[in-house]
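Examination of the molecular architecture
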Amino acid sequence: MLDKTYRPSEVEHRIYDQWEKSGAFAAKGGAGSSPYAIVIPPPNVTGSLHMGHALNTTIQDVLIRFSRMRGQETLWQPGTDHAGIATQMVVERQLAADGKTRHDLGREPFVERVWEWKAESGGTILRQLRRLGASADWERERFTMDEGLSHAVRKVFVTLHKQGLIYRDKRLVNWDPKLHTAISDLEVEQREVTGKMWYFKYPLEGLEDKYVVVGTTRPETMLGDTAVAVHPEDERYQDLVGTNCVLPIVDRPMPIVADAYADPEKGTGAVKITPAHDFNDFEVGKRHGLEMINVLDRDARLNENAPERYRGLSTLEARDKIVAEMESLGLLDKVEDNLMMMPYGDRSGAVIEPWLTDQWFVDAKTLAQPAIAAVEEGRTRFVPSHWTNTYYEWMRNIQPWCISRQLWWGHQIPAWYGPDGTIFVEMSEEEAQAAAEAHYGRPVDLAREEDVLDTWFSSGLWPFSTLGWPEETPELARFYPTSVLVTAFDIIFFWVARMMMMGLHFMDEVPFREVYIHALVRDERGQKMSKSKGNIIDPLILMDKFGTDALRFTLAALAVQGRDIRLSESRVEGYRNFATKLWNAARYCQMNGCHPVAGFTPASCRLTVNRWIVGKLAETAESVSRAIQEYRFNEAASALYQFTWGTFCDWHLEFTKPILQGGDAEAQAETRAVTAWVLDQLLHLLHPFMPYITEELWAQLAEGRPYMLISGTWPEFDPGLVDPESAAEMDWVVRLVSQVRAIRAEMRVPPGARVPLLLKDAGDVSQARLATHRDLILGLARLESVELLDGEAPRGVVQDILDEATLFLPLAEVIDVAQEKARLEREIGRLDGDIAKFDKKLANQGFLSKAPPEVVEDQRERRDEAAQARAKLNAAVERLAAL
């Protein structure tokens, strides 16, 4: 017998251990089975489970369990990313606690230290994914720096270099002056700050007391200015184009150029151009052949290209000194407050500098063309489809990809420098030595490139490197291209685009057929979770408190395509109650002898109520299957919830109580068999979403099950199991009882009060249904009687419509009409006040312009909820008026 209470903490670890030991996670399929593969977005080896991981993993596991149960040969490829900066910082912090730096150890001992940390602490995130129920093929776990993947990375780098698609160049990069490395855009955190806009007067060459006024938020970089740009159609400056102005402090003549980058509506319309310290200015500089003068060193201090008195100053120190000198020269026009975005390193917290430096780059524009064409041709499809435009926008404007990082932890670039700086890129040092000897005609000493590769370079190979490439493995032939990639929108460019480019270049095929982009998980008010806001919801705490299945089902139920998830603890608690409802229903079935019957066929049912529940189950199975395949997880979860809680628990089990308690043995046997069968099929349907409780119930509801539920067969039913007549009859009963209950609740009829129900103008079919199910209706709707009405309706009734019939409930003697009307009007007044406040705020342009979009959306949704509640109360007042 099932325990009275389901205790997730006593079940989950045991069940997961059984799954893993049984080999259920391994890719296997029957004869003729089709492959289905997903590669997990590899979490950082330093990571710990957050709500984004929980959503992403839940969605993938639903797809994997669903496909596995449908008989497909299903591979879910797991692994972790070496996370260059993040991992190096973890170990460097450990060294700092001992008063040491990585330089005290040296490169090789430091890298060994990182490997030791990875062995001891790097498995946390994967253990947490297991806790979430992830049924990945852990025997195939990969790491972006394991031997096989490292070989693949070197192979790709060497190949692209020999094809001219990887090269070394001097370009602007995001430079972290604290970590002393280039970083990707994803590692740059844009913060809104209130700064200053300084307007400086640059003297026009050869014209006394004539100036062009430019605005800048960064006076410290003006020493690297090499031009002033104005818009070619700006009439104010047309006479100045082609002339020179003079850069103050250094007295350097520089041209005034016409370029569409200058915005006539912004500031003075004239903009100073600093090609070595601004990404937009860099492009202007290239268009006009401007000199690129780098005035900062790797610490973001002014270097030898600045006047001597400025050298060694920090950017802020130089800013103050430059502003003071410009003011003393009479060249400071004005200063304004300026709201702007400032880039910070998400790891270091340092202000990120656009810095001109020698780095390794990939010719991303060339690689992007086949990746764009593949989506245009439909070979890869984005879901929701609007993300396709985002992909195109990024890919069609792609810049050279900086792939070098000034770190020690990562894939060291396979390049060696000869005595004269000649670069030799080969798979190994031995091959580089051979190439150098052939080049120089003699053996020479080579120096290894110290930089490592951007983490996104190795993860860009993930779909095929994890399957054994460059070896032609059976897994590669079977599972590439993969079926779907499940990921968040913020890495479409950083990861999805890289995988598309690399997969098409090296495999001549897209890496995945579909890309499902899920939304962000926000707090219940729609705000992004952050430590600073104190609104982070820890999935591990929710799993401890409510069980893993409750969290998984919550995330699936809220995963509406294209809409961010608003999560609260109360929602997870609600779905914990859903799990409890399922457990209690199963226990009720067990206690009432509803045990699986070997050879039972649902088509054999003769009772209307049993044909009805079988048909409802078949419809639900079809709806859930279709929704999962269309990535509409919320619709699948909703269908399961409505069937489980509503159709099965609230209706079928209640409808069949009189049968189980009656004296018709044949009817009892059929009802017990069909109830047990429906419950078994329901466990199958729920399993991808709630794997733990369903597996536990599957094992306990019958002895000697031939398989674990994880290896069960997905329910697919003959449409003929849906009996329209039975469905219409029982649905009529459900609607009648539901409408009576709704009126009782709306009018606040005491639960114990039994009231009569009158039906007017009921047709023959409705009358027959009423006669058949009268006792059920009386009990479930808490009615004193149900009668047909031929004449006029009595006074003091509340009425409703059911098909052709009118329902009358005499309530005047049951409730205090005046008191109830006063209560409703008070509540309507309160809602009117709330709606007015929302309308006022939403009409405030200041609020709309400053508030984050998610806050504005929250206000709109709360206003709509209040309006809907008011409409219901108004309808209730109208009902009362009839009394």
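Just above, that's the structure.
This section reports on the structure supplied with the text. (Residues numbered from 1 in each chain as written. Predicted model: local features only at pLDDT ≥ 70, side-chain atom pairs only at ≥ 80, totals over all residues. Heavy atoms only, no water.)

Helix and strand counts for the protein chain stand at 29 helices and 29 strands. Over its C-alpha atoms, taken along the principal directions, the protein chain stretches across nearly 105 × 65 × 55 Å. Here the protein chain holds 883 residues, and the buried ones make up 55% of them. Looking at the protein chain alone, contacts between residues at least 24 apart form 77% of all its contacts between residues at least 6 apart. Roughly 39100 Å² of accessible area belongs to the protein chain as shown, and the carbon and sulfur atoms make up 47% of that amount. Distance between charge centroids for the protein chain: 4 Å, based on 100 positive and 132 negative side chains. (Helix = DSSP H or I, 4+ residues; strand = E, 2+ residues; numbered from the N terminus. Buried < 20%, exposed > 50% of the residue type's maximum accessible area, 1.4 Å probe, protein only. Contact = heavy atoms within 4.5 Å. Areas by Shrake-Rupley, 256 points an atom, 1.4 Å probe, with all protein chains shown as cover. Lys, Arg positive; Asp, Glu negative; His and termini not counted. Charge placed at Lys NZ, Arg CZ, Asp CG, Glu CD.)

To continue, consider the sheet that holds strand E13 (residues 332-345). The three strands are arranged E8-E7-E13 in an open sheet whose pairing can be described as antiparallel. Because the sheet does not close on itself, it has two edges, and the strands there are strand E8 (211-216) and E13. Averaged over all neighbouring strand pairs, the angle between strand axes comes to 20°, with direction disregarded. For strand E7 (residues 188-203) and E13, the ladder comprises 13 bridges, and the chain directions are antiparallel. Bridged to Val188 within E13 is Gly345. (Pairing = 2+ DSSP bridges. Axes fitted to C-alpha atoms, helices over the stretch in contact; angles between N-to-C directions.)

Right, let's talk about the environment of Asp718 for a bit. Note on placement: Asp718 falls in the loop between helix H24 (691-700) and helix H25 (724-747). Between the alpha carbons of Asp718 and Gly615 there is a distance of 9.7 Å; along the sequence they are 103 residues apart. At 2.8 Å, the side chain of Asp718 and the backbone nitrogen of Gly720 are in polar contact. (Polar contact = N/O pair within 3.5 Å; in protein donor to acceptor, adjacent residues only side chain to side chain.)

Looking now at the packing of H25 against helix H29 (residues 853-881). Remark: H25 packs on H29, axes separated minimally by 10 Å, with the N-to-C direction vectors making an angle of 90°. It follows from the interaxial angle that H25 and H29 lie roughly perpendicular. Here H25 contributes Ile743, Glu746 and Met747 to the contact with H29, which in turn contributes Ala876, Arg879 and Leu880. Taken together, the residues of the contact of H25 with H29 sort by class into four nonpolar, no polar and two charged. (Parallel < 35°, antiparallel > 145°, perpendicular 65-115°, else oblique. Nonpolar A, V, L, I, M, F, W, Y, C, P; charged D, E, K, R; others polar.)

With that settled, the discussion passes to the sheet that holds strand E9 (residues 227-230). The strand order across the open sheet built from four strands is E10-E11-E9-E12, with neighbouring strands paired in mixed fashion. Looking at the sheet topology across the chains shown, the edges are occupied by strand E10 (244-247) and strand E12 (270-273). Within this sheet the neighbouring strands show an average axis-to-axis angle of 35°, counted without direction. Where E9 and E12 come together, four bridges link them in antiparallel fashion.

To continue, consider the packing of aromatic side chains. Inspection of the entire model under this criterion finds 38 aromatic pairs. For the ring pair Phe578 and Tyr641, a centre distance of 4.8 Å and an interplane angle of 35° mean the geometry is tilted. Of this pair, Phe578 sits in helix H19 (residues 569-591) while Tyr641 is found in helix H21 (residues 633-655), placing the two residues 63 residues apart along the sequence. Judged by relative accessible area, which is 0%, Phe578 ranks as buried. Assessed through its relative accessible area of 24%, Tyr641 is described here as partly exposed. In textbook terms, an aromatic cluster arises when at least three aromatic residues are bridged by ring pairs, as seen for Phe553, Tyr575, Phe578, Tyr641, Trp645 and Phe689. For Lys118, the ring lying beneath its charged end belongs to Phe143, and the centroid distance is 4.3 Å. Sitting above the plane of the Trp138 ring, Arg130 keeps its charged end 4.1 Å from the centroid. (Phe/Tyr/Trp six-rings, centres within 6.5 Å; stacked < 30°, edge-to-face > 60°. Lys NZ or Arg CZ within 6 Å of the ring centre and 35° of its normal.)

So, on to the pairing of E7. Note that E7 and E8 share six bridges and pair antiparallel. If you follow Tyr202 over to E8, its bridge partner there is Val212.

When you line up the elements, Pro419 lands in the loop between strand E18 (415-417) and strand E19 (423-425). Note on Pro419: relative accessible area 57%, which makes it exposed. Along the sequence, Pro419 and Ala447 sit 28 residues apart, while their C-alpha atoms lie 8.3 Å from each other. When sequence neighbours within four positions are dropped, the list of residues in contact with Pro419 reads Tyr440, Val444 and Asp445.

Turning our attention to the pairing of strand E22 (residues 482-488). Most of E22 sits out of view: seven of its seven residues are buried. Bridge count for E22 against strand E23 (residues 512-518) is six bridges, and the pairing is parallel. Along E23, the bridge assignment pairs Ala488 with His518. With respect to chirality, the unit in which E22 leads through helix H16 (residues 492-507) into the neighbouring parallel E23 is right-handed. (Right-handed = clockwise from strand over helix to strand, strands pointing away.)

With that out of the way, let us pick up the pattern of salt bridges. Under the counting rule described, the total for this entry stands at 59 salt bridges. With its nearest N and O atoms 2.6 Å apart, the salt bridge here joins Asp61 to Arg65. Placement of the pair is Asp61 and Arg65 together in helix H2 (residues 51-69), with a separation of four residues, close to one helical turn. With its nearest N and O atoms 4.0 Å apart, the salt bridge here joins Arg70 to Glu716. Placement of the pair is Arg70 in the loop between H2 and strand E2 (73-77) and Glu716 in the loop between H24 and H25, with a sequence separation of 646 residues. Given the relative accessible area of 35%, Arg70 is considered partly exposed. One salt-bridge network, held together by shared partners, links Arg525, Arg566, Asp858, Glu861 and Arg862. (Salt bridge = Lys/Arg side-chain N within 4 Å of Asp/Glu carboxyl O.)

A cluster of like negative charges, contributed by Glu108, Glu112, Glu116 and Glu120, occupies part of the molecular surface. With respect to the helices, strands and loops of the structure, Glu108 is situated in helix H5 (residues 107-121). When its relative accessible area of 62% is taken as the criterion, Glu108 is described as exposed. (Patch = residues over 30% accessible without salt bridge, like charges linked within 9 Å, V, L, I, M, F, W, Y side chains within 5 Å.)

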